[in-house]
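Results of the structural survey
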Amino acid sequence: MAPEKEVAPYGTWTSPITSHLISGSSNSFSEVHVHPGNGTIYVVEGRPAEGGKSTILQIKDGKSEDILPKEYDVRSRVHEYGGGAAAVAPDGTIIFTDAKTNGVFRFKSQTEIESLVIPHEYLRFADFDAHPTDAGIILAVREDHRNDIPENVINTVVAIDTRFNIVRTICQGADFYTHPKFSKDGKWISWVEWKHPDMPWTGTELYAAEWADGGIGKPRLIAGKPGKEAVSQPKWHSYGGLLYLSDQSGYHQLYMWDPTSFQTKRVEIKDYRNVDLSVTETLGSSSTYAELSPSTLVVTYTREAVTGILLVGIASGQVIDLPVDLVDISRTGIRRISDTSFVAIATSSTEPQALYRLVFSPPSRILLRESTTIHLPPSIFSRTRSITFPRTQGRNPEGNSYAMFTPPHNPGFKAPEGSKPPLIVSIHGGPTGNSTLGLDLQTQYWTSRGYAHVAVNYAGSTGYGRAYWESLNYSWGIKDVDDAASCVFFLANSGLIDISRVGIMGRSAGGYTVLNALEVYPRLYAGGNCLFGVGNLRSLAYGTHKYESHYLFALLFPPDTPVEEQKKIYWERSPCHHPEKIESPLLLQQGDIDKVVPMEQAIEMEKVLRKQGKDVKLIIYKGEGHGFKMEEHIRQSIEEAEALWSRTLVRQTWKPNRCKIYGLFRNGDWSEVVD
């Protein structure tokens, strides 16, 4: 007989998912690579308990082993976000960069680690690819910060000649480069480039050129168009063609270019034309597909922010959707092991992120490494579901938006009869990003305590096709805010939450939405948690790093907008200029070495709110950049948020109430929404 559940108000339940577990017993996987000869797997693992450093873990014969000395931190700093910190060469050696020194190294064995470049604090490297027959030549993206003013930072593709310790520039002139790759026979190279004001998901160009005598011939444009078509993940096929992904149709689809005929054809994947086979790239190390054999590809797809895995016959056209129950595949997470198996960094709807070996004949999933070292009972987890809701808020609401909703759940507790849970609204960063169905321990931290949780995939989110993420253009700070409010009203009208107890949180761009939401809908939200968010758009536009220094423009105003109109939009949509509108307590959390959203943003926001006598708290975490990596800071961040929600969303006692609840629409009219 099951034990009787304890009756306790929502938000007061005790849970085995603690801040210590999340901060100190949970790691992250940023990249995975495979030895091409023997199938040994290498994963780059981030460890909050070790000061946030990342290391390389070898997985072989069922055993896991750190292979690098502790002084190395395997992270790149290119584009500030990093990525592409490691690669496995055709001879099985590992190329990696160290975040502490910016050095580039070749790992041959635990007693033989070779330095490949003279490290400089101002030179950063990433996105490595070794020549297939001449292991002494390595392609890389280099970012030169000798002059650290964004417009003076220089990105190039270079060839590292390890025999003579020479670094030669191969491609230059564009603002950014990713994915430099040798063909399988070493006779060609390819790369992706783009210029301001594009981002890698708005418009890029794929080039190929013949490789000879340590240099390239005349570059040939294969695909892509500034502002119109984004190309990503070029990979050379065994038969000589160049595979790549393009969103020219409105969704990322797969194509192959033939270097002998110079013709391009689409790799037809029947019934999957209107899904994305790639991600909107922020990192050059993205790998969402792989060649298993010359005739077969493994390809991930995303439909309404939920991922799946396909086996695709290139010539036959046969497509098999693998029944592996993995709903969130990492953007860097697919690599070939053999003709019939591959490795994936992935999350299911019932298990946290893990590393898996997947075999397709017969289909099976083998767990290789978990991201958490403490095992939790599956019964504690709440199941997330995707929801579609109508837009009801804003000036001209039309169409639908999307979210991932997770109800409160704890097998040991139930709430007083008739009560409804408080809601935490989560706003993803980017804003060109998304939230998924994958089990997330921080979400479960809240739901196991009796909070409902919803992650809004507002206009501008990825995973729904190009038109959906483009719909935020010129409207950042408006449509995202209104979609979040529409989602709250939808959940309230569905009887799923208590609309009088709603909090909102977000990181980075999500933090910007939090601040705007508290100003535009001041009585809808009882509190806000803004983590390294944007308060002053104009300051950000002229004070952020090179990679995103033009990102704001398309999000805020159309091309050729007069300067005076730009200034007006900056002022109107910058929360720091309207602090008097915020009525609810606000928690600001910020890293002091953040180059993406500088610390001054949070300091200014706190200052203007304090001047207005508002309830605001600012916490600055030393040594943290854009996102918290250290155990003690992750733990404190969670605990500070819990203190906020406990005083703004939790009622220790509950009494049935038939009062009407009202919501404030953006246009200022009060309207009855729930009885």
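The coordinates are above.
**Considering the nonpolar core**
- The biggest cluster of nonpolar side chains holds 75 residues, and the ones touching the most others in it are L423, V425, V454, W476, V488, I497 and Y525.
- With eight residues, the single largest contributor to this core is helix α4 (residues 479–493).
- Every residue in contact with V488, bar those within four places of it in the chain, is listed here: L423, V425, I497, I499, V502, L524 and Y525.
- One finds I17, L587, I619 and A641 within the second-largest nonpolar core, a separate group that totals 26 residues.

**Focus on unusual backbone geometry**
- A cis amide bond links H196 with the next residue in sequence, P197, at an omega value of 10°.
- Here P197 is to be found in the loop between β15 (188–194) and β16 (205–212).
- Along the chain, G430 connects to P431 via a cis peptide bond; the corresponding omega equals 5°.
- A positive phi is found at N102, a non-glycine position, where the angle reads about 65°.
- Along the chain, the position of N102 falls in the loop between β7 (94–97) and β8 (104–109).
- Since its relative accessible area comes to 4%, N102 is described here as buried.

**Things to note about the packing of aromatic side chains**
- Going through the model one piece at a time under the given rule, you end up with 28 aromatic pairs.
- For the ring pair Y72 and F96, a centre distance of 5.4 Å and an interplane angle of 90° mean the geometry is edge-to-face. Note that Y72 is positioned in the loop between β5 (63–66) and β6 (86–88) and F96 in strand β7, a separation of 24 residues in sequence.
- Relative accessible area serves as the criterion here: at 11%, Y72 is assigned to the buried category.
- Its relative accessible area of 0% is what places F96 among the buried residues.
- Each ring, one from Y402 and one from Y468, has its centre 5.4 Å from the other, and the planes form 70°; the classification is edge-to-face. Taken together, the residues span a long stretch of sequence, with Y402 in strand β32 (residues 400–406) and Y468 in helix α3 (residues 466–470) at a distance of 66 residues. Considered together, Y402 and Y468 belong to a single accessibility category, that of buried residues.
- Every member of this aromatic cluster is reached through a ring pair, and the members are Y81, F176, W194 and Y547.

**Let's talk about the pairing of strand β19 (residues 231–236)**
- Within β19, six of the six residues are buried, which leaves the element mostly enclosed by the surrounding structure.
- With four bridges joining them, β19 and strand β20 (residues 242–246) adopt antiparallel strand pairing. Residue pairing across strands places V231 opposite S246, the latter belonging to β20.

**What to know about the layout of surface pockets**
- In this structure, the second largest pocket encloses a volume near 1100 Å³.
- Lining of the second largest pocket is provided by 43 residues; of these, P36, V88, D129, K184 and R335 occupy positions nearest its centre.
- For the lining of the second largest pocket, the elements supplying multiple residues, two or more each, are β2 (28–34), β6, β10 (123–130), β14 (176–182), β19, β23 (289–293) and β27 (328–338).
- In terms of residue count, the dominant contributor to the lining of the second largest pocket is β23 (five residues).
- The residue makeup of the lining of the second largest pocket, split by class, is 21 nonpolar, twelve polar and ten charged.

The rules behind the values
Residues numbered from 1 in each chain as written. Predicted model: local features only at pLDDT ≥ 70, side-chain atom pairs only at ≥ 80, totals over all residues. Heavy atoms only, no water. Core = buried A, V, L, I, M, F, W, Y, C linked by side-chain atoms within 4.5 Å. Buried < 20%, exposed > 50% of the residue type's maximum accessible area, 1.4 Å probe, protein only. Helix = DSSP H or I, 4+ residues; strand = E, 2+ residues; numbered from the N terminus. Contact = heavy atoms within 4.5 Å. Phe/Tyr/Trp six-rings, centres within 6.5 Å; stacked < 30°, edge-to-face > 60°. Pairing = 2+ DSSP bridges. 1 Å grid on protein atoms, 1.4 Å probe; cavity = no way out; pocket = protein on both sides within 12 Å on 5 of 7 lines; lining within 4 Å. Points joined across faces, edges and corners; volume = space filled by probe spheres on them. Nonpolar A, V, L, I, M, F, W, Y, C, P; charged D, E, K, R; others polar.

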